[in-house]
Amino acid sequence: MRKISWSGQRFFYVVTAILVLITIIVSLQSYSTGTWEAAGGLHSNFNNYLIFKTSATHLIQGLDLYVHHPGDHVDLFKYSPLFALLMAPFTILPDWLGIIIWNLINLLTLMIGLRMMPGLGKKQVTFILLIAFFELIGSIMNEQSNALMAGLMVLGIACFEKNKPFWGALSLVFSVYIKLFSLVVFMMLLFYPKRLKTALYTVFWMIVFALLPILVTGWDGLKETYLSWYTMLGQDYSDSVGFSVIGILVKWFNYQGSRNIVFLVGVVLMVMPLLKFKQYSNQNFRYAVLSALLIWIIIFNHKAESPTFVIAMTGIGLYFVTQPWNLQNKLFLAFAIVFVSLVYSDLMPPGPRNNFFHPYFIKALPCIVIWLKIIYEIMFNKIKPAHSNSSRI
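Here the structure is a predicted model, which means the values were calculated and not measured.

A.B. asks: Kindly report on the pairing of strand 2 (residues 41-44), identifying the contributing residues and their values.
C.D. replies: Sheet analysis places strand 1 (residues 35-38) next to strand 2, joined by four bridges and oriented antiparallel. Residue Trp 36 lies in a different strand from strand 2, and its bridge partner there is His 43. Taken together, strand 1 and the strand that follows it, strand 2, pair antiparallel across an intervening segment of two residues, in which Gly 40 is found at a positive phi of about 100°.

What follows is the structure, given as structure tokens:
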């Protein structure tokens with residue numbers, strides 16, 4: 001019997017099979033608890049899926065997407081009208097099947113995006129999936145779209161790496177119509193040729209996706225829907241803090257200053273790699289910037305919650321599989337896995353988890369440290385071309 005090893009393809013398929021099986025099991029487990037009436041509306045352990053699915057029904061019926069619908073779910077729908085339209089096929093599926101398909105779409109989009117990245121073999125993709133494993137499962141358990149978002153952003157850049165700007169623009173624009181924060185990834189398009197063509201493709205997909213819901217809303221209904229979405233997003237900015245830079249500043253240092261200043265500092269640091277013109281042709285440089293962006297999206301989101309960290313951990317995984325596999329990087333990676341994932345799992349007793357790690361936003365700390373490490377290495381030319389990394393994973 002041939003031994004399973006990192007060098008072969010078998011381990012990739014084993015991990016894939018395990019992830020698919022876990023996805024199906026946790027989907028059915030969420031569904032099995034059913035729904036119940038309580039304060040605030042209809043409750044369930046698959047509330048996010050119900051929000052997504054019923055948004056299509058509300059759109060088709062001409063109802064306001066961005067108000068509470070307590071008879072269908074709790075909390076608000078916050079995504080675009082396009083997302084609601086694309087959820088329409090789920091309205092004809094039984095919930096148990098719809099949850100499975102939705103979660104598998106999230107998982108497989110991330111896996112396909114990583115597999116499409118030039119220079120990443122099955123070995124590297126498997127390693128990234130294992131690094132993000134706990135966060136990926138956590139997002140799937142909550143039926144959230146974070147793995148889908150990570151997959152679309154990675155897939156979009158993979159298409160540009162393969163000189164397919166039409167499909168790259170489609171993937172990135174689609175991600176924006178799910179969650180607006182992926183707009184920051186568009187800064188990477190400066191690294192690729194055919195910029196005018198890319199800009200035209202981007203505008204094309206922006207217009208197509210913006211107008212597509214008109215098929216069921218009509219022109220006036222579409223205008224009202226976008227106005228309601230804009231109003232809801234404006235009201236969504238609250239004083240809450242999450243697993244983020246601002247969360248740590250507030251909790252650790254009692255920071256009372258402007259959040260906008262903190263955000264602006266993060267923006268300035270994140271766009272500084274654009275000044276490294278001579279590095280644009282270095283694939284490892286481009287991947288390091290993508291890694292930093294995937295982390296930045298989370299740590300500078302004042303409302304970042306635990307299931308979103310599959311995006312940050314995908315970025316961390318991408319960074320470490322494209323860098324030398326030395327002791328320093330091993331220690332940084334171990335730091336991330338332990339304090340982003342393991343201490344928030346059942347491996348950690350609930351006392352320390354609930355009384356220290358959670359309220360002090362420790363989950364964000366390794367991501368912030370590694371993000372600063374990546375920015376430093378980018379700005380001081382520490383990111384070497386792939387062929388120079390003889391000790392890569």
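A.B. asks: Explain a nonpolar patch on the surface to me, and be specific about the residues and the numbers.
C.D. replies: A contiguous nonpolar surface patch, about 740 Å² in accessible area, is contributed by Ile 60, Val 203, Ile 207, Leu 211, Ile 214, Leu 215, Val 216 and Trp 219. Counting only elements with at least two residues in the nonpolar patch, the list comes to helix 9 (195-211) and helix 10 (214-235). Of all the elements, helix 10 adds the most residues to the nonpolar patch, at four residues. Along the chain, Ile 214 falls in helix 10.

A.B. asks: Quick one: what's the story with helix 2 (residues 47-60), residue by residue and with numbers?
C.D. replies: Given 3.6 residues per helical turn, the α-helix brings residues three or four places apart onto the same face. The end-to-end C-alpha distance of helix 2 is 20 Å, a good match for the 20 Å that 14 residues give at a rise of 1.5 Å each. Helix geometry: helix 2 is bent most strongly at Thr 54, by close to 25°. Among the 14 residues of helix 2, 11 are classified as buried, and the element is accordingly described as predominantly covered. Among the residues of helix 2, Asn 47, Tyr 49, Leu 50, Ile 51, Phe 52, Lys 53, Thr 54, Ser 55, Ala 56, His 58 and Leu 59 are the ones counted as buried. Contacts from the buried residues of helix 2 go to strand 1, strand 2, helix 3 (81-86), helix 4 (95-116) and helix 10. Following helix 2 by one or two positions, Gly 62 adopts a phi angle in the positive range, close to 80°.

A.B. asks: How would you summarise the packing of aromatic side chains if you had to cite specific residues and measurements?
C.D. replies: Taken as a whole and judged by the stated rule, the model has 42 aromatic pairs. Centre to centre, the rings of Tyr 66 and Trp 229 are 6.3 Å apart; their planes meet at 15°, and the pair counts as stacked. Of the two residues, Tyr 66 is situated in the loop between helix 2 and helix 3 and Trp 229 in helix 10; the sequence distance between them amounts to 163 residues. Like Tyr 66, the residue Trp 229 is buried in the burial classification. Plain terms: the ring middles of Phe 339 and Phe 357 are 6.3 Å apart, the flat faces sit at 40° to each other, and that makes the pair tilted. Here Phe 357 lies in helix 16 (residues 350-357) and Phe 339 lies in helix 15 (residues 327-341), a separation of 18 residues in the sequence. These aromatic residues form a ring-pair network of at least three members: Tyr 49, Phe 52, Tyr 66, Phe 77, Tyr 79, Phe 83, Phe 90, Trp 102, Tyr 226 and Trp 229. A cation sits over an aromatic face here: Arg 115 above Phe 12, 5.8 Å from the ring centre.

What counts, and at which threshold
Residues numbered from 1 in each chain as written. Predicted model: local features only at pLDDT ≥ 70, side-chain atom pairs only at ≥ 80, totals over all residues. Heavy atoms only, no water. Pairing = 2+ DSSP bridges. Helix = DSSP H or I, 4+ residues; strand = E, 2+ residues; numbered from the N terminus. Patch = residues over 30% accessible without salt bridge, like charges linked within 9 Å, V, L, I, M, F, W, Y side chains within 5 Å. Areas by Shrake-Rupley, 256 points an atom, 1.4 Å probe, with all protein chains shown as cover. Salt bridge = Lys/Arg side-chain N within 4 Å of Asp/Glu carboxyl O. Expected span 1.5 Å × (residues − 1). Bend = angle between axes of the 7 residues up to and from the residue. Buried < 20%, exposed > 50% of the residue type's maximum accessible area, 1.4 Å probe, protein only. Contact = heavy atoms within 4.5 Å. Phe/Tyr/Trp six-rings, centres within 6.5 Å; stacked < 30°, edge-to-face > 60°. Lys NZ or Arg CZ within 6 Å of the ring centre and 35° of its normal.

Any functional reading would require information that these geometric values do not contain.
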